[in-house]
Amino acid sequence: MENQEKNQDAGVGSFTVKSGLAQMLKGGVIMDVVSVEHAVIAEEAGAVAVMALERVPADIREHGGVARMSDPALIKEIMESVSIAVMAKCRIGHFVEAQILEAIGVDYIDESEVLTPADERHHIDKHAFMIPFVCGCRDLGEALRRIGEGAAMIRTKGEAGTGDIVEAVRHARTVLGAIRDLKSKPDDELMAFAKDIGAPYEVVKQTKEQGKLTVVNFAAGGIATPADAALMMQIGVDGVFVGSGIFKSDNPARRAKAIVEATTHYRDPKILAEISQNLGESKVGISVSSLVENETLAQRGW
Amino acid sequence: MLQRLTGVEAVEVRLPQELNRLDGLIIPGGESTTIGKLAAMYQLTEPLRRFADEKPLWGTCAGMILMAKEVGIDQPLLGLMDIVVERNAFGRQKESFEEDLYVKVLEKGASKPFHGVFIRSPRLVETKGKAIEIARLANGTPVAARQGNLLVTAFHPELTDDTRFHQYFLGLIK
């Protein structure tokens, strides 16, 4: 896959350094922030990276209309305020927003269904960028299509801005379950498997050989509590994104720190019990089953 | 990586008691502020310092930052080695890079290059006291050092298939 990257002359922008950064985020928490103040709280709590946004998904949901890439001035301000990695979102298929984010110099781009898609058929050719991309998925086919396009990190879509973990669980179990099935398949069935899930054959083959996705796989979309984060880790993801869950709560600093601790000590119920105490109220709480189909963000992209 | 080397069992460490039965410890890449804060919160800092008195400790990238005595900004450190380290010294992710290094202390190190993967990497500004530089970039920037049983690399041998740095570290275990 590395020979597809277009900027390797100076040893920069290779797939190794793009996917390598995600390796360094493993076991960590990436937090949505809308201001310098939030970013500093997130770093102080132990986040491995922040996602710089104008609105968290819960507010995007409430606000309605068209959600776009954030103001570059805000993103730059946040980049200057913390030493950890800074990510930013562009719309699905909006490669010019991605070019702008690359020009600003963000560390990772999230081609995200949380924003209103710019292209309903094509995602961005991510090999063409120096900056690595993370993309959402609901199943293995979608994950491998994004990896085929050059994504250096994958996350579940979940259902952002709801505080309901059910979709993140569904998507993680679907992806991990399909990988378990794939591992048991003989090589002569891989082409039919690739056809059935609509994924590139080579990426299917590599996934079988490695027994896991070829890039780091995080959970996102609905994580609101330390227990939610630990649940996703025990199911088998490499780390978590927390969007609205932290700064839409009574005590963001405390909740942020608790979710970081839970993601590290995810197998230790005693520690989880300790850090889950007295966190105050989580302000996000829309049951996904109460949403009608056109209100779900996860169905954006394919 | 370690599992591929015969006779080595690798375990993860999150709590102080998990250090007890180890012969050596690697502090991997990651976010140095996150690792430092979690180590302090779960009372790992002092046990790690005691561990380093007796047994080999290797820090890659974030681990190198944590093992330094000076990094120029205020963050929790182990402060074990007489080195000055600059964080994100080459810039942001866009400037992350790969470069072949000639590391004489490795097996065939003078002739067979070791592939260095540098991700939002720190650099060694200064090695002093008992710390000795063991690798540098073609432009002269030092990127690895050793001080007795302590080893630091600004790059990530764990992202390559070359096991020579891991072998070298195992050689520090008595």
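Residues numbered from 1 in each chain as written. Chains lettered and ligands numbered in written order. Predicted model: local features only at pLDDT ≥ 70, side-chain atom pairs only at ≥ 80, totals over all residues. Heavy atoms only, no water.

Caption draft 1: Main features of the overall build of chain A. When you go through chain A residue by residue, the secondary structure sums to 13 helices and 8 strands. Relative to the 2.2 N^0.38 estimate, which gives 19 Å for 302 residues, the radius of gyration of chain A is 18 Å and therefore close to what a compact globule would have. Along the first, second and third principal axes, the C-alpha atoms of chain A reach 55 × 40 × 40 Å. Out of the 302 residues belonging to chain A, those deemed buried represent 60%. (Helix = DSSP H or I, 4+ residues; strand = E, 2+ residues; numbered from the N terminus. Rg over C-alpha atoms; globule rule 2.2 N^0.38 Å. Buried < 20%, exposed > 50% of the residue type's maximum accessible area, 1.4 Å probe, protein only.)

Caption draft 2: Molecular detail of the packing of aromatic side chains. Per the counting criterion, the structure on display carries 12 aromatic pairs over all chains. Ring centres of F90(B) and F97(B) lie 5.1 Å apart, and the angle between their planes is 65°; on these two criteria the pair is classed as edge-to-face. Between F97(B) and F118(B), the aromatic rings sit 4.6 Å apart at their centres with planes inclined by 5°, giving stacked as the arrangement. Here F118(B) lies in strand 6 (residues 114-118) and F97(B) lies in strand 5 (residues 97-101), a separation of 21 residues in the sequence. Relative accessible area serves as the criterion here: at 0%, F118(B) is assigned to the buried category. For R146(A), the ring lying beneath its charged end belongs to W302(A), and the centroid distance is 5.5 Å. (Phe/Tyr/Trp six-rings, centres within 6.5 Å; stacked < 30°, edge-to-face > 60°. Lys NZ or Arg CZ within 6 Å of the ring centre and 35° of its normal.)

Caption draft 3: Representation of the interface of chain A and chain B within the structure. Opposite the 39 residues of chain A that make contact, chain B presents 28 residues. When chain A packs against chain B, close to 2600 Å² is buried across both sides, 58% of that on carbon and sulfur atoms. The largest share of the area that chain A buries against chain B comes from V17(A), M24(A) and S83(A), three residues that together contribute 22% of it. The tally of links from chain A across to chain B stands at 15 residue pairs in polar contact (both at pLDDT 80 or more). The set of elements that each furnish at least two residues to the side of chain A that touches chain B consists of helix 1 (15-25), helix 2 (36-45), strand 3 (85-91), helix 5 (95-104), helix 12 (252-264) and helix 13 (269-275) of chain A. The leading source of residues in the side of chain A that touches chain B is helix 1 of chain A, at 7 residues. (Contact = heavy atoms within 4.5 Å. Buried area = accessible area lost by both parts, 1.4 Å probe. Polar contact = N/O pair within 3.5 Å; in protein donor to acceptor, adjacent residues only side chain to side chain.)

Caption draft 4: A look at the pairing of strand 4 (residues 108-112) of chain A. Residue and element names in this part refer to chain A. Judged by how many residues are buried, strand 4 sits mostly within the fold: 5 of 5 residues are covered. Residues Y108, D110 and S112 of strand 4 are buried on one face, and the alternating residues I109 and E111, pointing to the opposite face, are buried as well. In this structure, strand 3 lies alongside strand 4, joined through 5 bridges in parallel fashion. The residue of strand 4 that forms the bridge with K89 is D110. At this point the chain moves from strand 3, through helix 5, to the parallel strand 4, and the crossover so formed is right-handed. Two strands pair when backbone bridges link them, and strand 4 and strand 5 (residues 133-137) are joined in this way by 3 bridges, in the parallel orientation. Bridge pairing in strand 5 links I109 to F133. (Pairing = 2+ DSSP bridges. Right-handed = clockwise from strand over helix to strand, strands pointing away.)

Caption draft 5: A look at helix 5 of chain A. Residues and elements named next belong to chain A. Inspection of helix 5 places E97, A98, L101, E102 and I104 among the buried residues, and these make up the whole buried set. The arc that holds the buried residues of helix 5, viewed along the axis, is 160°, so those residues lie on one side. Close packing links the buried residues of helix 5 with helix 4 (72-81), strand 3, strand 4 and strand 5. A positive backbone phi angle near 95° is found at G105, which sits one or two residues after helix 5. (Arc of directions from axis to C-beta.)

Caption draft 6: Geometry of the sheet that holds strand 3 (residues 68-70) of chain B. Residues and elements named next belong to chain B. The 3 strands are arranged 3-4-7 in an open sheet whose pairing can be described as mixed. Strands at the two margins of the open sheet, each flanked by one partner only, are strand 3 and strand 7 (123-127). Geometrically, the sheet is characterised by an average inter-axis angle of 55° between neighbouring strands, direction not taken into account. (Axes fitted to C-alpha atoms, helices over the stretch in contact; angles between N-to-C directions.)

Caption draft 7: Quick peek at the confidence of the model for chain B. Looking at chain B as a whole, its pLDDT mean stands at 95, while 100% of the residues score no less than 70. In the model output, the complex is listed with pTM 0.95 alongside ipTM 0.94. (pLDDT = per-residue confidence, 0-100.)

Caption draft 8: Just the nonpolar core, in detail. Counting 58 residues, the largest nonpolar core has M31(A), L101(A), V106(A) and M232(A) as its most contacted members. The residues contacting M31(A), other than those within four sequence positions of it, are A42(A), A45(A), A47(A), A49(A), V50(A), M51(A), V242(A), I246(A), A256(A) and V260(A). Counting residues in hydrophobic clusters, the runner-up holds 48 residues, among them A39(B), M64(B), V103(B) and A144(B). (Core = buried A, V, L, I, M, F, W, Y, C linked by side-chain atoms within 4.5 Å.)

Caption draft 9: Seen up close, the sheet that holds strand 3 of chain A. All names here are of chain A. Judged by pairing direction, the sheet is parallel, and its 8 strands sit side by side in the order 7-6-5-4-3-2-1-8 without closing on themselves. In this open sheet, the two edge strands, each paired with only one partner strand, are strand 7 (216-218) and strand 8 (240-242). Within the sheet, the average angular offset between the axes of one strand and its neighbour, ignoring direction, is 30°. As judged from the 3 bridges shared by strand 1 (residues 29-33) and strand 8, these two strands associate in the parallel manner. The partner of V29 across the bridge, within strand 8, is V240. In the packing of helix 12 onto the sheet, contacts are made with strand 1 and strand 8, and the angle to strand 1 comes to roughly 160°.

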